[in-house]
Every structure is written in C-alpha cells, then in structure tokens.
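# Observations on chain architecture
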Amino acid sequence: MAAVQQGCLVIGDISGYSRYVAGVELEHSQDVLADLMTVLVGQMQGLLQLANLEGDAVFCYERAGQGAADGGTLLAMLEAAYDAFARRLRLIDRHTTCECAACRLIPTLNLKFLVHHGAFVVHEVAGRSELLGRDVILVHRLLKNAVTARTARRGYALFTAPCLQRFALDLWALEAIEHVETFDDVGEVRGAVIDLEARWRREQDRRAVYLAPGEGLSVAEIDLPAPPALVWHYLTTPRLRMVWQPDTVRVEERSPGGVRGVGTVNHCVHGSHTITEEILDWKPFRYLTDRSSGAIGAMLFTTELSPSGADGTRVSVRMRPDGGPSALAAARAVLPELQALYREAGQRLRTLLESAHG
C-alpha cells in the first residue's frame, strides 16, 4: 500500500485558453499551447515533481526531504514561471507575422496558479504515477473559481489557508487579498490571492543590477547536477546555506517584502566576523545580485545560473568591489582565497545535490 505523503500541490493553468481555442485555427493554437506549456514545465519542474500535463495546465507536487521548498522559494518559482511565460508570450506576439485569429489573440492569454498543501498518495496506474486524495480533488476544484470576477485579476496565485499556514507567508507584505470559494463536494476553501501580474510589471520597471560576463572579476564557474530551480533553492535558502557554505555558523534573513527578493538583507555569521548581504536584483531562476559588506569592504556579486546538459546547472559568480583602483587592487589580492572558498563550497553543494537528488 502506498504511503500517505504531505506536501504542496500546485497547478499552473493558462487562463483564457478554452475561450481562445474555441474561436481560432486549431493548428496554430496548438503550436502556441505546446510552446507555452514547455516554458511552464521547464520552470516548475525541478523544485517540484511533475505529476501530469492536463490540457492547458501543469500539475506538480512538492518533493519530500531536506531540500523541500520553503515559502520564499515557492513564490520565487511562481514568479519565475510567470516571468518566463510572459516573456515568451510577448516574444511570440512580436515575432509572428501571421494574421490568423490564433496569432492575433495571443495577448489575451494569461497564467494563474492554484497552490494547496495537504495529503496525497502517489499511486502507480498503467506504468504512470497518479496522485490520489481529497486534497488532490480540492486543488483541481480551484481551477473553476471566482477570483477574476471578484478582483479583476487574471495573472495570479491563489493560495489556500493550509498552504499559507505551512509556509508562513506574510499576506500584508505581499499585498494579498483574502478569498473564499465554496464547492459542493469539498466545502468552503479559504485562502488569499497574490497578484503575480502586478508584481511582474513592477519588476519590468526596476533597474537591473547585473555584472555581465567579462565585467568585474570572475570568482567561480561551478557545474552542478541539478536543474536551475533546485540549485537556486539551495543557494538562497538560509538553512541550506549553512549545510554547504564553509565556516558558516548561521544566516539571519530579513525580508521587508514578505519573502526573500530585492531588499532582503542577510547577516551571514562566519565565526568571529559577519558579512552583510543586501539583494539588489533578483531574477529567479536566472541570476541575483547582492552587495556584500565585510572585513575587506563592500563588493557587488552577481550569481548567474544557466542550464547545462540535460538536467544540470552552471553557476557563474562575478565580483566588483566598490571604490576605485585601490579597491580593485585589494580585491585582486584576496581573489585566490575567495576562489578557493567557492571551490570548496561548490564541491560540498555538488555532493549534497548528488546525495539528495541523484
């Protein structure tokens, strides 16, 4: 008998697709759907386990174990998926020269997520894994909801109350709206709605802080045996950093925005000294830039993630010190020590990922 698991259940659904496909050419509409679904699966899979592709929706569930998602990484995954979806939608729209209805109506599509935490069983049926349980039914019922009718939001994440409690999300800081749905078979479902489209639009207006390849000093090039979403989770989650980051006693995180991202400040305690990291730019699961201040002064770091091979990630770290030529000379002097530290951290992280997810 399969064991009952507890975890997060997430459905990513392309909003407006049923109405879109009903009035357009089937051939082109299916090409658009396949393209967008590929983008969505690529962002959700890795941190979460793919359960099923369901027409215009992707159903995933949380991985168990040490690397299980926390609230910050879960929201980062949703934002990364929305960002990738919106950028791909815009690219398709701009580059198409076709005048058919399917191509002209591409901008009417959007993306919503239904996020629940509960119990389920993974059952093998005809060689495939199927999720069963009341909570699986509940998250699917949420596909038909009144969020858009009541709030006018189309690109959003609807979190149920058990999920909000499990991940301790700060509704006020996230500007979430409380929401209630009622269904005949699962009863009343309470939760909150986070406007992903509005958060995405704000990010488009934010100035990028990014050290490009060849800019600053190269600190590390590390190949890791896990997809970018999972590597991002291990790189940014304080409790996991203490496992692989050398000489780290604790990492104290303060996030005024409710979850880690731009504005988050980390105090990374290494024995007798502390490094303060302020996140200046945050693009899950592509790159983040922080300003680190410690005994050797303030330095800008960009950590960039790129897919590598079938299921791997290359992590590139670049650094530029604040100040003029004297600061650069001081940074060059400590660079070999810093590179050695990153090599040790990379090896620890590689071993950890191989053990937990190999």
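Every value quoted in this text rests on a predicted model; they were computed, and no experiment measured them.

Criteria and thresholds
Residues numbered from 1 in each chain as written. Predicted model: local features only at pLDDT ≥ 70, side-chain atom pairs only at ≥ 80, totals over all residues. Heavy atoms only, no water. Helix = DSSP H or I, 4+ residues; strand = E, 2+ residues; numbered from the N terminus. Rg over C-alpha atoms; globule rule 2.2 N^0.38 Å. Buried < 20%, exposed > 50% of the residue type's maximum accessible area, 1.4 Å probe, protein only. Contact = heavy atoms within 4.5 Å. Areas by Shrake-Rupley, 256 points an atom, 1.4 Å probe, with all protein chains shown as cover. Lys, Arg positive; Asp, Glu negative; His and termini not counted. Charge placed at Lys NZ, Arg CZ, Asp CG, Glu CD. Pairing = 2+ DSSP bridges. Arc of directions from axis to C-beta. Axes fitted to C-alpha atoms, helices over the stretch in contact; angles between N-to-C directions. Salt bridge = Lys/Arg side-chain N within 4 Å of Asp/Glu carboxyl O.

It is worth spelling out the overall build of the chain at this point. A tally of regular secondary structure across the chain gives eleven helices and 15 strands. Computed over C-alpha atoms, the radius of gyration of the chain comes to 22 Å, within 12% of the 21 Å expected from 2.2 N^0.38 for 358 residues, which places it in the range of a compact globule. Each of the 358 residues in the chain was classed as buried or not, and the buried ones make up 51%. Put simply, 64% of the contacts in the chain that link residues at least 6 apart link residues at least 24 apart. Carbon and sulfur atoms form 52% of the exposed surface of the chain, whose accessible area is close to 16700 Å². Seen as two clouds, the 37 positive and the 43 negative side-chain charges of the chain have centres 3 Å apart.

Below, the discussion takes up the pairing of strand β13 (residues 287–294). Both strand β12 (residues 273–283) and β13 contribute to a ladder of seven bridges, which runs antiparallel. Each bridged residue has a counterpart across the sheet, and for Trp282 the counterpart in β13 is Leu288. Where β12 folds back onto β13 in an antiparallel hairpin, the turn is made up of three residues. Pairing geometry for β13 and strand β14 (residues 297–308), over eight bridges, is antiparallel.

Buried within helix α5 (residues 134–141) are the following residues: Asp135, Val136, Leu138 and Val139. Seen end-on, α5 carries its buried residues on one side only, within an arc spanning 160°.

Quick look at the environment of Arg94 now. When you line up the elements, Arg94 lands in helix α3 (residues 71–95). By relative accessible area, Arg94 is classed as exposed at 62%. For the pair Arg94 and Asp83, spaced eleven residues apart in the sequence, the C-alpha separation amounts to 16 Å.

In this section: the sheet that holds strand β9 (residues 217–224). The strand order β9-β15-β14-β13-β12-β11-β10 describes an open sheet built from seven strands, whose pairing is antiparallel. Either end of the sheet is taken by a strand with one partner, and the two such strands are β9 and β10 (250–254). Taken pair by pair, the neighbouring strands of this sheet meet at an average axis angle of 20°, ignoring direction. Summarising the sheet, β10 and strand β11 (residues 265–270) pair through five bridges and their orientation is antiparallel. Paired with Glu252 across the two strands is His267, which belongs to β11. The strands touched by helix α9 (residues 228–236) are β9, β10, β12, β13, β14 and β15 (312–321); relative to β14, the strand with the most contacts, the crossing angle is about 155°.

Within this structure, the stated rule accounts for 23 salt bridges. Lys112 is the partner of Asp13 in a salt bridge, and the nearest nitrogen-oxygen pair spans 2.5 Å. One end of the pair, Asp13, is in strand β1 (residues 4–15); the other, Lys112, is in strand β4 (residues 110–125), and 99 residues separate them in sequence. Comparing Asp13 with Lys112, the two get one shared label, buried. Of the charged contacts, one joins Arg318 and Glu304 as a salt bridge, the two residues approaching to 2.5 Å between their closest N and O atoms. With Arg318 in strand β15 and Glu304 in strand β14, this residue pair connects regions lying 14 residues apart in the sequence. Given the relative accessible area of 17%, Glu304 is considered buried. The network of salt bridges with common partners includes Glu203, Arg206, Asp281 and Lys283.

Our focus in this paragraph is unusual backbone geometry. That bond from Pro284 to Phe285 is cis: its omega, -10°, falls within 30 degrees of zero. For Phe285, the location among the structural elements is in the loop between β12 and β13. Positive phi values are uncommon outside glycine, yet Ala168 reaches one of about 50°. As for its position among the elements, Ala168 is in the loop between α7 (161–167) and β7 (177–183). A positive phi is found at Glu175, a non-glycine position, where the angle reads about 55°. Along the polypeptide, Glu175 turns up in the loop between α7 and β7. Under the relative-accessibility criterion, Glu175 is labelled exposed at 53%.

What follows deals with the environment of Gly258. Along the chain, Gly258 turns up in the loop between β10 and β11. Placed 39 residues apart in sequence, Gly258 and Val219 show a C-alpha to C-alpha distance of 31 Å. When neighbours within four sequence positions are excluded, Gly258 is seen to be in contact with Asp170 and Ala173.

Purely spatial values, then, with no claim about function.
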